[in-house]
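For reference, the chains in residue letters:
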Amino acid sequence: MHLGALGWLPLAGALAVARAVLSALRERLGALCWSLAPLALPLALPLALPLALPLPGWRRVSAPSPATPADRRRERQEDDASLTPTSVNYHFTRQCNYKCGFCFHTAKTSFVLPLEEAKRGLAMLKEAGMEKINFSGGEPFLTDRGEFVGQLVQFCKQELKLPSVSIVSNGSLIRERWFKKYGEYLDILAISCDSFDEDVNILIGRGQGKKNHVENLHKLRQWCREYAVAFKINSVINRFNVEEDMNEQIKALNPVRWKVFQCLLIEGENSGEDALREAEKFVISDEDFERFLDRHKDVSCLVPESNQKMRDSYLILDEYMRFLNCRNGRKEPSKSILDVGVEAAIKFSGFDEKMFLQRGGKYVWSKADMKLDW
């Protein structure tokens with residue numbers, strides 16, 4: 001309707017009609033703006049509507065400013081500040097009786113924390129949210145003939161009541177008496193075995209005199225059954241075992257998990273001028289690693305971990321209880337949690353919590369929940 005057609009009405013009546021028309025137009029315009037809001041289309045508002053008129057669903061969006069390196073560092077620090085040490089790997093010793101050529105936690109020191117200090121740090125980690133502790137090395141059974149790690153295992157399960165306590169070992173120093181004393185407190189024992197060919201194990205450096213690594217593996221498997229400890233196998237795939245077919249042997253041993261790693265270079269540990277190992281000759285390509293995995297794809301307990309998954313998805317504590325940041329290809333330590341606390345130290349851990357979850361870092365890790373037929 002054109003306003004000129006209202007000339008015959010009294011002025012007051014014409015104004016009232018005009019107000020009604022404007023009100024109806026305003027309601028229609030509001031509805032139109034609501035429907036177009038998701039498209040963010042610019043509208044030229046007719047009828048000189050006041051600029052302060054609230055339009056449903058509309059908001060001003062400013063273009064994001066480009067992130068600077070300082071912004072990215074701040075974002076990482078904010079992410080790190082909220083990290084929870086759900087699963088921690090405590091390498092309390094660097095000493096080992098084997099000389100694996102690709103080892104990336106080598107015997108650069110002989111230091112081991114006093115038992116009570118180690119317990120204090122573990123209690124701090126539990127308070128910060130730790131649910132699983134894994135003791136590693138070096139070789140954890142080398143310190144005090146396994147008594148040190150045994151007492152830590154008992155403390156974590158009995159006193160701290162952690163859902164999961166595990167050990168990674170080469171298995172050469174474990175005796176049945178250890179299982180009798182500490183087996184009830186241990187959820188998972190992971191034994192490192194890279195080959196079922198003893199000549200290959202010796203070539204890699206995983207051998208000790210006349211002891212047969214593979215025969216010992218089977219003996220440990222039987223003890224785990226007898227003493228109700230979940231049995232796991234860790235294998236590092238490298239140039240000397242990448243063509244091996246391990247299907248039959250792994251299925252016969254029937255571990256709860258078979259963790260398969262790709263050989264990893266860490267500067268200062270197994271690569272570079274100040275390293276104690278030269279692992280370059282063990283390195284395989286991503287394609288070689290995938291071929292090995294494809295050959296063993298029917299092994300139900302297989303858990304593959306490429307270098308990309310492994311590098312930033314583990315929380316590693318060294319012998320001083322410092323978190324080790326491997327983001328830059330070498331181990332850069334934080335300050336010790338014993339000195340600054342878990343929250344301050346974990347900010348410098350380089351830990352990628354999303355990758356930890358993506359690689360399946362959290363699983364059924366308490367033997368009470370596994371419902372295994374021992």
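These numbers were taken from a predicted model, which means no experiment stands behind them.

Turning our attention to the environment of Val283. Tracing the chain through its elements places Val283 in the loop between strand S6 (257-262) and helix H9 (286-295). By relative accessible area, Val283 is classed as partly exposed at 32%.

The subject of this paragraph is the layout of surface pockets. Its boundaries defined by the atoms lining it, the second largest pocket holds a volume of some 230 Å³. Residue lining of the second largest pocket: Phe141, Leu142, Asp144, Arg145, Glu147, Leu173, Ile174, Arg175, Arg177, Trp178, Lys181 and Tyr182, and that is the complete set. Broken down by element, the residue count for the lining of the second largest pocket peaks at four residues, all from helix H5 (residues 176-182). Class assignment for the residues of the lining of the second largest pocket results in six nonpolar, no polar and six charged.

The next point concerns the environment of Ser349. Mapped onto the secondary structure, Ser349 falls in the loop between helix H12 (342-346) and helix H13 (353-358). According to the relative accessible area criterion, Ser349 is buried, its value standing at 3%. With 34 residues separating them along the chain, Ser349 and Leu315 place their C-alpha atoms 7.0 Å apart. With residues up to four places along the chain from it excluded, the contact list for Ser349 reads Leu83, Leu315, Phe323, Leu324 and Asn325. Within polar-contact distance, the side chain of Ser349 engages the backbone oxygen of Ile346 at 2.8 Å.

Glancing now at helix H4 (residues 147-159). Between its first and last C-alpha atoms H4 spans 17 Å; for 13 residues at 1.5 Å apiece the expected length is 18 Å, and the two agree. Within the sequence span of H4, burial applies to Phe148, Val149, Gly150, Leu152, Val153, Phe155, Cys156 and Lys157. Contacts made by the buried residues of H4 are with strand S1 (87-91), helix H3 (115-127), strand S2 (132-136), strand S3 (164-169) and H5.

In this section: unusual backbone geometry. Cis geometry is adopted by the peptide bond preceding Gly138, which originates at Gly137 and carries an omega value of 20 degrees. Along the polypeptide, Gly138 turns up in the loop between S2 and H4. Its identity as a non-glycine residue notwithstanding, Arg145 has a phi of 50 degrees, on the positive side. With respect to the secondary-structure elements, Arg145 resides in the loop between S2 and H4. Located in the positive-phi region is Met321, a residue other than glycine, with phi close to 60 degrees. On the secondary structure map, Met321 appears in the loop between strand S8 (315-317) and strand S9 (322-325). Taking the relative accessible area as the measure of exposure, Met321 reaches 0% and is therefore buried.

How each quantity is defined
- Residues numbered from 1 in each chain as written.
- Predicted model: local features only at pLDDT ≥ 70, side-chain atom pairs only at ≥ 80, totals over all residues.
- Heavy atoms only, no water.
- Helix = DSSP H or I, 4+ residues; strand = E, 2+ residues; numbered from the N terminus.
- Buried < 20%, exposed > 50% of the residue type's maximum accessible area, 1.4 Å probe, protein only.
- 1 Å grid on protein atoms, 1.4 Å probe; cavity = no way out; pocket = protein on both sides within 12 Å on 5 of 7 lines; lining within 4 Å.
- Points joined across faces, edges and corners; volume = space filled by probe spheres on them.
- Nonpolar A, V, L, I, M, F, W, Y, C, P; charged D, E, K, R; others polar.
- Contact = heavy atoms within 4.5 Å.
- Polar contact = N/O pair within 3.5 Å; in protein donor to acceptor, adjacent residues only side chain to side chain.
- Expected span 1.5 Å × (residues − 1).

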